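Descriptive analysis of the structure
Listed below, chain by chain, are the residues.
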Amino acid sequence: MKTLQKPGGYAALYLAIAYLIGLILFIVVLDYPGITDPAQKVALLVEKPMVIFATNLFMYVLFGVSLVVLSLALDDRLKAGAPALMQVATALGIIWAGSLIASGMVSNAGIDPTIALYATDPTQAALSWQGVETVATGLGNGNGEILGGLFTLLVSLAALRAGRLPRGLNILGLLIGVMGILTINPGLTDLTGVFGLSQMVWFVWLGLVLLRGRWERQDEDQEDITEYSETIHKRRFPVARA
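Anyway, here's the lowdown on the structure attached to this text. (Residues numbered from 1 in each chain as written. Predicted model: local features only at pLDDT ≥ 70, side-chain atom pairs only at ≥ 80, totals over all residues. Heavy atoms only, no water.)

Each helix and strand counted, the chain has 10 helices and 0 strands in total. The linear arrangement of helices and strands in the chain, starting from the amino end, is α-α-α-α-α-α-α-α-α-α. In the chain, of all internal contacts separated by at least 6 residues, the share reaching a separation of at least 24 is 78%. Entry remark: accessible area of the chain is about 12500 Å², with carbon and sulfur atoms responsible for 66%. (Helix = DSSP H or I, 4+ residues; strand = E, 2+ residues; numbered from the N terminus. Contact = heavy atoms within 4.5 Å. Areas by Shrake-Rupley, 256 points an atom, 1.4 Å probe, with all protein chains shown as cover.)

Printed below as a string of structure tokens:
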């Protein structure tokens, strides 16, 4: 279990940093959410292709890779206390990671062809980029954070059962998980931003816990005490033979 804890901690911290960098790039640098006209979007793409490429790389591709590491680290840490929950949570975490990686790669793969098309037919380039965006947004959970919400919720439930993460962190994770699941409702998509900001805090807290390893050592000590107590009990009260 120890081998993946520090990599998992660094991965969790990267996920929080990626969220922050992505928010700055998308909202401050590009003002992408404020652009609704496809022609303006493709014009921005032609003007700042490397910024958009880097945003997709950090927020989706590398985010997904780090999420795989974190999912496996949490599985190592929690599966002994909640094996069934962690099997489902780990599978969802890897599926979520795969969808994010695919989203970023689809979007980046569409940049150069769209720019080349823009030189001869801006209108067609705008339609082409709109199609790329639709696929990338669907893969990136743009229509609801159902995968991220379920992953956070199940990990938090498993951690509560296993007792290997701070209780406050688990309660926060439960609230964030439920919020993420609710964003699948078209009327509650505005909660996606709140989900992202809240999960940033969860990732930082989780990363620090995994890096410090304090809770892990406490649990191992408790397991040693339990095992020692059971051994003494067996010696004092041996099972009668038939």
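What follows concerns the nonpolar core. Formed by 38 residues in total, the largest nonpolar core has its most connected members in F63, L70, L74, L165, W202, F203 and L206. For this core, the secondary structure elements donating two or more residues are α1 (5-29), α3 (49-78), α4 (83-109), α7 (146-162), α8 (167-182) and α9 (191-212). Here F203 is in contact with A12, L13, L15, A16, Y19, F63 and L70, once residues within four sequence places are set aside. One finds L30, Y32, I52 and A125 within the second-largest nonpolar core, a separate group that totals 12 residues. (Core = buried A, V, L, I, M, F, W, Y, C linked by side-chain atoms within 4.5 Å. Buried < 20%, exposed > 50% of the residue type's maximum accessible area, 1.4 Å probe, protein only.)

For I146, the location among the structural elements is in helix α7. Separated by 31 residues in sequence, I146 and G177 place their C-alpha atoms 8.7 Å apart.

Attention now goes to the packing of aromatic side chains. Tallied over the full model, the rule gives 6 aromatic pairs. Aromatic side chains F63 and W96 sit 6.2 Å apart centroid to centroid with 70° between the ring planes, which places their arrangement in the edge-to-face category. Note that F63 is positioned in helix α3 and W96 in helix α4, a separation of 33 residues in sequence. Taking relative accessible area as the criterion, F63 reaches 3% and is therefore assigned buried. Relative accessible area serves as the criterion here: at 2%, W96 is assigned to the buried category. Members of the aromatic cluster, each reached through a chain of ring pairs, are Y19, F63, W96, F151, W202 and F203. (Phe/Tyr/Trp six-rings, centres within 6.5 Å; stacked < 30°, edge-to-face > 60°.)

Remark: α3 packs on α9, axes separated minimally by 12 Å, with the N-to-C direction vectors making an angle of 55°. With respect to α9, the element α3 is oriented oblique. Helix-helix and strand crossings are classified by hand; for α3 and α9 the assignment is left-handed. Counted together, F63, L70, L74 and R77 of α3 and F203, L206, V209 and L210 of α9 form the full contact between these two elements. Considered class by class, the residues forming the contact of α3 with α9 number 7 nonpolar, no polar and 1 charged. (Axes fitted to C-alpha atoms, helices over the stretch in contact; angles between N-to-C directions. Parallel < 35°, antiparallel > 145°, perpendicular 65-115°, else oblique. Left-handed = near helix turned anticlockwise from the far one by under 90°. Nonpolar A, V, L, I, M, F, W, Y, C, P; charged D, E, K, R; others polar.)

For α8, with 16 residues, the first-to-last C-alpha span of 23 Å sits near the 22 Å given by 1.5 Å per residue. Among the residues of α8, those classed as buried are L169, N170, G173, L174, I176, G177, M179 and G180. On its buried face, α8 sits against α7 and α9. (Expected span 1.5 Å × (residues − 1).)

Moving on to the side chain of S103. Looking at the secondary structure, you find S103 in helix α4. By relative accessible area, which is 4% here, S103 ends up buried. With residues near it in sequence (within four places) discarded, S103 still touches Y60, A136, L139 and G140.

A contiguous nonpolar surface patch, about 600 Å² in accessible area, is contributed by L20, L23, I24, I27, V28, V29 and L197. Per-element accounting of the nonpolar patch gives the leading share, 6 residues, to α1. (Patch = residues over 30% accessible without salt bridge, like charges linked within 9 Å, V, L, I, M, F, W, Y side chains within 5 Å. Salt bridge = Lys/Arg side-chain N within 4 Å of Asp/Glu carboxyl O.)

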